Amino acid sequence: MNPFSSGTRLRDMIRAIRACKTAAEERAVVRKECAAIRSSINENDHDYRHRNIAKLMFIHMLGYPTHFGQMECLKLIASAEFPEKRIGYLGLMLLLDERQEVLMLVTNSLKQDLNHANQYIVGLALCALGNICSAEMARDLAPEVERLLQFRDPNTRKKAALCAIRIIKKVPDLAENFINPAAALLKEKHHGVLITGVQLCTDLCKVSAEALEYCRKCTGGLVRTLKDVANSPYAPEYDIAGITDPFLHIRLLRLLRVLGQGDADVSDLMNDILAQVATKTETNKNAGNAILYECVETIMSIEDNGGLRVLAINILGRFLSNRDNNIRYVALNMLMKAITVDTQAVQRHRATIVECVKDSDASIRKRALELVYLLVNESNVKPLTKELIEYLERSDQEFKGDLTAKICSIIAKFSPEKIWYIDQMLKVLSEAGNFVKDEVWHALIVVISNASDLHGYTVRALYRAFQTSAEQETLVRVAVWCIGEYGDLLVKNVGVLDIEDPITVTESDAVDVVEVAIKHHTSDLTTKAMSLIALLKLSSRFPSSSERIQDIIIQNRGSLVLELQQRSIEFNSVIEKHHNIRSALVERMPVLDEATFIGRRAGSTPATVSTSNGPSLNLPNGVTKPPAAPLVDLLDLSSDDAPAPSSSGADFLQDLLGVDLSPASKQPGISGTNQAPRTGTDVLLDLLSIETPPASPITDILSSSQVYKSPHASLEGLSSPSALSTRAATPAGAAPMMDLLDGFVPNSPISEDNGPVYPSIVAFESSSLRIMFNFSKARGNPQTTSIQATFTNLSPNVYTDFIFQAAVPKFLQLHLDPASSNTLPAGGNGSITQNLRVINSQHGKKSLVMRMRIAYKSNDEDILEEGQVSNFPRGL
Amino acid sequence: MIRFILLQNRQGKTRLAKYYVPLEDSEKHKVEYEFRTHKVIYRRYAGLFFSLCVDITDNELAYLECIHLFVEILDHFFSNVCELDLVFNFHKVYLILDEFILAGELQETSKKAIIERMGELEKLE
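Residues numbered from 1 in each chain as written. Chains lettered and ligands numbered in written order. Predicted model: local features only at pLDDT ≥ 70, side-chain atom pairs only at ≥ 80, totals over all residues. Heavy atoms only, no water.

1. Some details on the overall build of chain A
Per the secondary structure count, chain A includes 41 helices and 10 strands. By residue count, 58% of the 876 residues in chain A fall in the buried class. For chain A, long-range pairs separated by at least 24 residues make up 70% of all intrachain contacts whose partners lie at least 6 apart in sequence. When the accessible surface of chain A is split by element, carbon and sulfur atoms take 50% of a total near 34900 Å². (Helix = DSSP H or I, 4+ residues; strand = E, 2+ residues; numbered from the N terminus. Buried < 20%, exposed > 50% of the residue type's maximum accessible area, 1.4 Å probe, protein only. Contact = heavy atoms within 4.5 Å. Areas by Shrake-Rupley, 256 points an atom, 1.4 Å probe, with all protein chains shown as cover.)

2. Remarks on helix α20 (residues 350-357) of chain A
Residue and element names in this part refer to chain A. Taken together, the buried positions of α20 are occupied by I353, V354, C356 and V357. Down the axis of α20, the buried side of the element spans an arc of 155°, and every buried residue falls inside it. Check the buried side of α20 and you find it contacts α17 (306-320), α18 (325-338), α19 (343-347), α21 (362-375), α22 (381-394) and α23 (397-414). (Arc of directions from axis to C-beta.)

3. Things to note about the sheet that holds strand β10 (residues 861-869) of chain A
Residues and elements named next belong to chain A. With antiparallel pairing, the three strands of this open sheet are ordered in space as β6-β9-β10. With partners counted over all chains shown, the strands left at the sheet margins are β6 (799-807) and β10, one partner each. Taken over all neighbouring pairs, the strand axes of this sheet differ in orientation by 15° on average, direction set aside. Judged from the seven bridges that link them, β6 and strand β9 (residues 850-858) form a sheet pairing that is antiparallel. Bridging from a neighbouring strand, Q805 pairs with R853 of β9. (Pairing = 2+ DSSP bridges. Axes fitted to C-alpha atoms, helices over the stretch in contact; angles between N-to-C directions.)

4. Observations regarding the interface of chain B and chain A
Every contact between the two is made by 53 residues of chain B and, on the other side, 62 residues of chain A. In total, chain B and chain A occlude about 5100 Å² of area from one another, counting both sides; carbon and sulfur atoms represent 58% of this. In this structure, the connection of chain B to chain A is made through five salt bridges. With its nearest N and O atoms 3.0 Å apart, the salt bridge here joins A:K159 to B:E99. Summed over the shared surface of chain B and chain A, the result is 18 residue pairs in polar contact (both at pLDDT 80 or more). Its residues assigned to classes, the side of chain B that touches chain A comprises 25 nonpolar, nine polar and 19 charged. (Buried area = accessible area lost by both parts, 1.4 Å probe. Salt bridge = Lys/Arg side-chain N within 4 Å of Asp/Glu carboxyl O. Polar contact = N/O pair within 3.5 Å; in protein donor to acceptor, adjacent residues only side chain to side chain. Nonpolar A, V, L, I, M, F, W, Y, C, P; charged D, E, K, R; others polar.)

5. Details of the packing of helix α2 (residues 60-78) of chain B against helix α4 (residues 90-100) of chain B
Residues and elements named next belong to chain B. Two elements in contact, α2 and α4, have axes whose closest approach is 11 Å; the angle formed by their N-to-C orientations is 135°. Taken together, the axes of α2 and α4 are oblique relative to one another. Relative to α4, the crossing made by α2 is right-handed. Residue-level inspection shows C66, L69, F70, I73, L74, F77 and F78 of α2 in contact with α4, the latter providing K92, V93, I96, L97 and F100. (Parallel < 35°, antiparallel > 145°, perpendicular 65-115°, else oblique. Left-handed = near helix turned anticlockwise from the far one by under 90°.)

6. Re the pattern of salt bridges
Taken as a whole and assessed by the stated rule, the structure comprises 38 salt bridges over all chains. A salt bridge links A:E387 to A:K358, with the nearest nitrogen and oxygen atoms 3.0 Å apart. Remark: A:K358 occurs in the loop between α20 and α21 and A:E387 occurs in helix α22; sequence separation between them is 29 residues. Assessed through its relative accessible area of 22%, A:K358 is described here as partly exposed. Salt bridges here are not isolated pairs; linked through shared partners, they connect A:R254, A:R257, A:E294 and B:D58.

7. Considerations on the sheet that holds strand β3 (residues 38-45) of chain B
Residues and elements named next belong to chain B. Pairing in this open sheet of four strands is antiparallel, and the strands run β2-β1-β4-β3 from one edge to the other. Of all strands in the sheet, those with a lone pairing partner are β2 (14-19) and β3, marking the two edges. Between one strand axis and the next, the sheet turns by 15° as a mean value, whatever way the strands run. Inspection of the sheet shows β3 paired to strand β4 (residues 48-55) by eight bridges, in the antiparallel sense.

8. Thoughts on the environment of A:Q276
Residue and element names in this part refer to chain A. Along the chain, Q276 falls in helix α15 (residues 264-280). On the basis of relative accessibility, which here comes to 18%, the residue Q276 falls in the buried class. With 49 residues separating them along the chain, Q276 and K227 place their C-alpha atoms 8.8 Å apart. Filtering out sequence-adjacent residues up to four positions away, Q276 remains in contact with K227, A230, N231 and T281.

9. A word on the nonpolar core
Core analysis: the largest hydrophobic core is formed by 264 residues, its most contacted members being A:F178, A:L200 and A:I353. Element by element, the count of residues in this core is highest for α2(B), at 12 residues. Among all residues touching A:L200, those that are not within four sequence positions of it are A:L149, A:A161, A:A164, A:I165, A:I168, A:A182 and A:L185. Counting residues in each nonpolar core, the second largest holds 33 residues, with A:I761, A:F775, A:F791 and A:I832 among its members. (Core = buried A, V, L, I, M, F, W, Y, C linked by side-chain atoms within 4.5 Å.)

10. Side note on unusual backbone geometry
Positive phi, close to 55°, is recorded for A:A241, a residue that is not glycine. Examined against the element boundaries, A:A241 turns out to sit in the loop between β1 (239-240) and β2 (243-244). A positive phi angle, near 55°, is found at B:S79, a position not held by glycine. Inspection of the secondary structure assignment puts B:S79 in the loop between α2 and α3 (83-88).

Here's what the structure looks like:
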């Protein structure tokens, strides 16, 4: 006999399938069986229908398609035999679901079976209906089910009740029909019927407001029932772990919850029983805890009763100390919901919750940490943070990230005083610096710079921390920045607080720190770049160590990373050749305004944040220094307390240009090429503006500084406009900035003289110098004016190092081309010409204005002349 | 409400699967423990995992008890049940389950009542 014919018994087939060693083998067996079943079905073989469906169910459970058996199920259902009906319904429930259209065909059979005399068959039908009926079937058969709700047999009643649940879920409109019978079920004595009745009512109330009203009237009865169950003596049939029918308890509590929500009177009725259940239920077994959990949920959901709420939260607190993970987990979940209702009560359990943060189970730790975060307030922030930081040392790597982030937020939000903030942050950095996000340590630096009386303390603390935890990258960065800024305070032991241990740090120790930071193999680009700047600062603050610092800096000259190479070469140059400007270059940073910083940080570009790292640009230029307050603003793009509390980089630019046009005293470069013959600057100039078109180095520097997010050295301000362009460094700001400073535009449009002609003007005239402006506009571009400036020397001396600079208000943009030379022969025997281009965004409404400054050497004297041009022709 | 019940052994073979909400066939064969609107509660008995997928608002501890009750019923019915009993008598397991849970809700909480009922049904076979 073919072992795979439909003659095999179910058992044998199962055995055969289990004996298969590989998936392919199993597939082969299944295929053969399916084929046998299919042919058996086709032959309409009655004897084995039962077995076939059983086999099909098994095959279905293994995951193979079995659609061909669906019709067979229908036939079985229609049969008159109980066993066949049974297996037919079973097959129906397994092989089909409500979305199949075949299901509709069953409706008639179901209807007949629901009216069958045999209550077992009725049970079968109800079961099938309850498990998979579709909406149409529900509608068709609802009256039958309604009738059966009042059937004499309790088994039928309970099945009908559950069936009704499904019906009202599928067709909520039918809910009204079930309200009365459902309410009647609530008075049952039989537990099975009672529990199903309760469930039906719960679902009815969720679906229909009318039902809710009706059931509320039955609350009294329900409370009594719950009381009976709670107080009932030992009933072996329903006993679980010493409690009689905990499931009924729970379902009743849930129904009471639904009824009590939003209705104070109803809630009142339940208070007693809730209190009783909450206090008298045994907690050593899961069943008891399940009841308590439901009870707590109910108490928290119904209308407020202070005493009960406290009781509920105390129960949760007890749960937290339970050994069972599940119970701790659900308690933490509930507490998170409870915290919105009653924070005070939850605070009392703070200690236990903090213990849970240290739990061995990962999900409990996470929940507990979130809960702790919600619990923090000003009064408990200090002890809480202390505990959390202690735990940070012991926690797992995966958890450290979360924990660090939360600790940092807590510290930032609630810190009562700056010194505490700095202390805690230093601890976090020492422990888990690598997990700290950029915004956090940027904020720390802002706070440090604001706490001017704590500068000494901070830098010493950082020095100490560096000795122990140099592997934490963020700590190294902050340390390097502070040592750079406040190195002198460190070495001279300025501002020692009482709580500090004495410590002597020599200059070379401080330089050691930065050297380690640069040389360490794990230091990344940001750290190294910051170290280079710090070294520059230190070379100014510690002149005696200048040589050593220079050596360190030089080592990076050949770095393959452009940023480092550039910095190294430039700083080296500053140290070597520009002593006179160095100290002013790296003066102490102005205090960063916290409020603007926070506001800006909320929606700012990275560059503005990072600019806090750069030194300010108060650079003198070797020229005499008239008061330059607005000028400082002009250049001080890096400083965050720039005058206008503007929050975008582009605004800096506006400030730059819109500022009061007082003499641009000591600064080299809003406009103008810097062809100063000083050899030092030449080097830099070469460096930065190597080939024509020189616009490209500007772009490079711009882009590189944007990429690395660190502002470039103040050095560039010395030589060329590119410095300012890097300062602005926001993409939006960059473009107009570049245009503004781009004195290197190769194609001078002046030669295009095909537009309206304007009269030339004498822009400036003094006893020694005359400047003439010739205008032209390109046709079709009325906003742009090309100006050719001619400088004539009216004195008998030759002028050398001739530099022309100009500044314009906000609504204008100015471009300067290189001048034809920077030596002006005497006596008007020659002249220098320089082309300018002005773009007037308010063309037609406002006319041009310009302030000028001319610097030159005459008879080895530095001379400075200034003037304002306000006689531009109208219409430019 | 229970959405589905799953019995699986340690190799992931499904010994019993009962769905109270329709799921795509592909979904049925995926084992997921992260749901958005519902959660999975499971308990391990020897080599078998009994999993219940319930609504997110349901009482987890209660369903743990529910699983335990089911296991006790099976134990009683098969007299010291083992995994093989469940494999070879899966259709009976389904019938027991249908007496215990209907439409995703608990039908009967008394072990004795369910066993008696199964006895009656067996007599009709």
